[in-house]
Amino acid sequence: MPYGKLDFVIAGVQKGGTTSLAEQISAHPNVSFCSEKEPHFFSKRQDVSSEKARLDYWSLYTGNDDDLYGEASTSYTFVDEYPETASKLYHHNPDMKIIIVLRDPIKRVISHVYHRMRKGLIPNGDVMASLHHHSDYIDRSRYYAQLKAYFDVFPESQIKVLRSESLHKNGDAFNDVLTFLGLSPELMPTLDTSPKNISDASVRLRHIPMASLVIKWISHQPWAWRLTPYLPMKTTLPEEIHSYVAKGVVDDIILLANKGWVEVSDWVDELKRLAAR
């Protein structure tokens, strides 16, 4: 197919579990999924309607005319950087379905921080200075602003919002996503859903019992987070950082809770507690 119509996108959020969901959906036999991870076509590319742009984009797909075509790009929820993305997607296909996976806003920022630490992008490990300097840490966890951009354009019936932990608890949430897309859950092959985050030392070394015990002990020490650039692992950042993030996102998450697009009352309670410190 030289040009096609995109049927759905996983639009975010960053560090929310989109890669895992994309891998699962792409395994469905009736889905043709973009071969490039996060093509960012409708966000970062300006000339989306040009002949060359369309040829470039649709060369990333192979499939049958009856397949559902989809992709995942977390930049589609970067409303501060790319405010026109939702409108571009609607213009491309008004019937498109939008999937957005949300993660606990504090945990999302922590994951974002560790990602930058491991890339050496936080000088001297000064997380607080990095938070002050880069507004995207907070912006990416302001979910109401990100979702509103889509609810302002698309009918509510075409938007699926879910929390990342629901995808990990059982298969019901994933089956709901398939049903939302009009796909049969019965046709899904058996997938390996074991942890794939090889940047986490506890996952990489889980087959070595002694190493796993050492990593576990280190990760519980109050200074462990400073070692993450050298020994990737899940640790806890200082409470002052949690409090700073909570103060930056709590008002937005309260707005999200009031809209009722997704149940987040437990997030609101925890953010209020942390923001009060």
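Placed above this text is the structure.
Values in this document were obtained by computation on a predicted structure and should not be read as measured data. (Residues numbered from 1 in each chain as written. Predicted model: local features only at pLDDT ≥ 70, side-chain atom pairs only at ≥ 80, totals over all residues. Heavy atoms only, no water.)

Participant: Tell me what's going on with the packing of aromatic side chains, and back it up with residues and numbers.
Facilitator: Considering all chains together, one arrives at 15 aromatic pairs under this definition. Centroid distance Y57 to Y61: 5.4 Å. Interplanar angle 65°. Geometry classified as edge-to-face. For Y61, a relative accessible area of 6% translates into the label buried. A ring pair is formed by Y90 and F154, whose centres lie 5.3 Å apart and whose planes are at 80°; its orientation type is edge-to-face. Taken together, the residues Y90 in helix α4 (residues 85–92) and F154 in the loop between α8 (143–151) and β5 (159–163) connect sequence positions 64 residues apart. Ring pairs connect the aromatic residues F41, F42, Y57, W58, Y61, Y69 and Y76, which therefore count as one cluster. Against the face of F180 rests K97, its NZ or CZ located 5.0 Å from the ring centre. The ring of Y137 carries the charged tip of R116 above its face, separated from the ring centre by 4.7 Å. (Phe/Tyr/Trp six-rings, centres within 6.5 Å; stacked < 30°, edge-to-face > 60°. Buried < 20%, exposed > 50% of the residue type's maximum accessible area, 1.4 Å probe, protein only. Helix = DSSP H or I, 4+ residues; strand = E, 2+ residues; numbered from the N terminus. Lys NZ or Arg CZ within 6 Å of the ring centre and 35° of its normal.)

Participant: Outline the environment of N93, listing residues and values.
Facilitator: Within the secondary structure layout, N93 lies in the loop between α4 and β4 (97–102). Since its relative accessible area comes to 3%, N93 is described here as buried. Counting along the chain gives 86 residues from N93 to D7, while the straight-line C-alpha distance between them is 7.5 Å. Setting aside residues up to four positions removed in sequence, N93 forms contacts with K5, L6, D7 and F154. One polar contact links the side chain of N93 to the main-chain amide nitrogen of D95, over a distance of 3.0 Å. (Contact = heavy atoms within 4.5 Å. Polar contact = N/O pair within 3.5 Å; in protein donor to acceptor, adjacent residues only side chain to side chain.)

Participant: An account of the environment of E165 is requested, with residue identities and associated values reported.
Facilitator: Mapped onto the elements, E165 comes out in helix α9 (residues 164–169). On the accessibility criterion, E165 (24% relative accessible area) is partly exposed. On a C-alpha basis, the gap between E165 and R103 in space is 7.4 Å, while along the polypeptide they are 62 residues apart.

Participant: Residue-level account of a nonpolar patch on the surface, with values.
Facilitator: Taken together, the side chains of M210, L213 and V214 present a nonpolar region at the surface, about 310 Å² in accessible area. With respect to the element layout, M210 can be found in helix α12 (residues 209–219). In this structure M210 comes out as exposed when scored by relative accessible area, which is 58%. (Patch = residues over 30% accessible without salt bridge, like charges linked within 9 Å, V, L, I, M, F, W, Y side chains within 5 Å. Areas by Shrake-Rupley, 256 points an atom, 1.4 Å probe, with all protein chains shown as cover. Salt bridge = Lys/Arg side-chain N within 4 Å of Asp/Glu carboxyl O.)

Participant: Residues and numbers for the sheet that holds strand β1 (residues 8–12), please.
Facilitator: Read across the sheet, 5 strands follow the order β2-β3-β1-β4-β5 without closing on themselves; strand pairing throughout is parallel. Whereas interior strands pair on both sides, the edge strands pair on one side only; in this sheet they are β2 (31–33) and β5. Strand-to-strand twist across the sheet, computed as the mean angle between neighbouring axes with direction ignored, equals 20°. Contacting β1, β4 and β5, α8 runs over the sheet at an angle of about 175° to β4. (Pairing = 2+ DSSP bridges. Axes fitted to C-alpha atoms, helices over the stretch in contact; angles between N-to-C directions.)

Participant: Pulling in residues and values, what's your account of the pairing of β1?
Facilitator: Where burial is concerned, most of β1 is hidden: 5 out of the 5 residues are buried. When β1 meets strand β3 (residues 68–72), the two strands line up parallel, connected through 3 bridges. Within β3, the position partnered with F8 by the bridge is G70. Strand direction decides the pairing type here: β1 and β4, joined by 4 bridges, are parallel. Looking at β4, one finds that G12 is bridged to I100.

Participant: Talk me through helix α13 (residues 239–259); I want residue IDs and the actual numbers.
Facilitator: Between its first and last C-alpha atoms α13 spans 29 Å; for 21 residues at 1.5 Å apiece the expected length is 30 Å, and the two agree. At V249, α13 shows its largest bend, some 45°. Along α13, the residues classified as buried are I241, H242, S243, V245, A246, V249, V250, D252, I253 and L256. Looking at the buried residues of α13, the elements they touch are β4, α5 (105–118), α6 (127–133), α7 (136–139), α8 and α14 (265–275). (Expected span 1.5 Å × (residues − 1). Bend = angle between axes of the 7 residues up to and from the residue.)

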